[in-house]
Amino acid sequence: MTPRNQQHTDPSAATDSLRAALAAAGIVLPSLAVDTASPHLGLVELGRVRPDVAAQLAAALRDGGRA
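All of these numbers come straight from a predicted model, not from anything done at the bench.

S.K.: Even after reading the chapter, I still don't get the side chain of T15, so can you show me in this structure?
M.R.: Counting through the fold element by element, T15 comes out in helix α1 (residues 11–24). Overall, the relative accessible area of 3% leaves T15 in the buried class. A distance of 2.8 Å separates a polar side-chain atom of T15 from the backbone oxygen of P11.

S.K.: What exactly am I supposed to notice about α1 here?
M.R.: Two residues of an α-helix separated by three or four positions point the same way, owing to the 3.6 residues in each turn. The terminal C-alpha atoms of α1 lie 20 Å apart, and with 14 residues this matches the ideal 20 Å at 1.5 Å per residue to within 8%. Where α1 is concerned, the buried positions are P11, T15 and L22. The arc that holds the buried residues of α1, viewed along the axis, is 40 degrees, so those residues lie on one side. Those residues of α1 that are buried lie in contact with β1 (33–34), β2 (44–45) and α2 (51–62). G26 lies just past α1 and shows a positive phi near 75 degrees.

S.K.: Is there a simple way to explain the pattern of salt bridges in this structure?
M.R.: Evaluation of the coordinates by the stated rule reveals two salt bridges. With a closest N to O distance of 3.6 Å, D16 and R19 form a salt bridge. In this pair, D16 and R19 both sit in helix α1, three residues apart, roughly one turn of the helix. With a shortest N-O distance of 2.9 Å, R50 and D52 are connected by a salt bridge. Under the relative-accessibility criterion, R50 is labelled exposed at 54%. The exposure class assigned to D52 is partly exposed, which follows from its relative accessible area of 45%.

S.K.: Would you explain a nonpolar patch on the surface in this entry?
M.R.: There is a patch of nonpolar side chains on the surface, built from L18, V44 and L46 and spanning about 200 Å² of accessible area. Mapping V44 onto the fold places it in strand β2. Among the residues examined, V44 registers a relative accessible area of 30% and is labelled partly exposed.

Calculation notes
Residues numbered from 1 in each chain as written. Predicted model: local features only at pLDDT ≥ 70, side-chain atom pairs only at ≥ 80, totals over all residues. Heavy atoms only, no water. Helix = DSSP H or I, 4+ residues; strand = E, 2+ residues; numbered from the N terminus. Buried < 20%, exposed > 50% of the residue type's maximum accessible area, 1.4 Å probe, protein only. Polar contact = N/O pair within 3.5 Å; in protein donor to acceptor, adjacent residues only side chain to side chain. Expected span 1.5 Å × (residues − 1). Arc of directions from axis to C-beta. Contact = heavy atoms within 4.5 Å. Salt bridge = Lys/Arg side-chain N within 4 Å of Asp/Glu carboxyl O. Patch = residues over 30% accessible without salt bridge, like charges linked within 9 Å, V, L, I, M, F, W, Y side chains within 5 Å. Areas by Shrake-Rupley, 256 points an atom, 1.4 Å probe, with all protein chains shown as cover.

Nothing here speaks to function; it is geometry throughout.
Written out as structure tokens, the structure is:
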């Protein structure tokens, strides 16, 4: 499966959008950033999180963003 708009999504805008959506659910990913090591790929670095944050993220996804 190929993600929609993969080649047309700005990684900075995607990072900002994800940060805002996570914040609305009360979740902070401290390492969330644009991956500057591979600019030609346009990747977003999600980083590492504590287990409680991972569980909170999973719950938010299951609940449709309502944590």
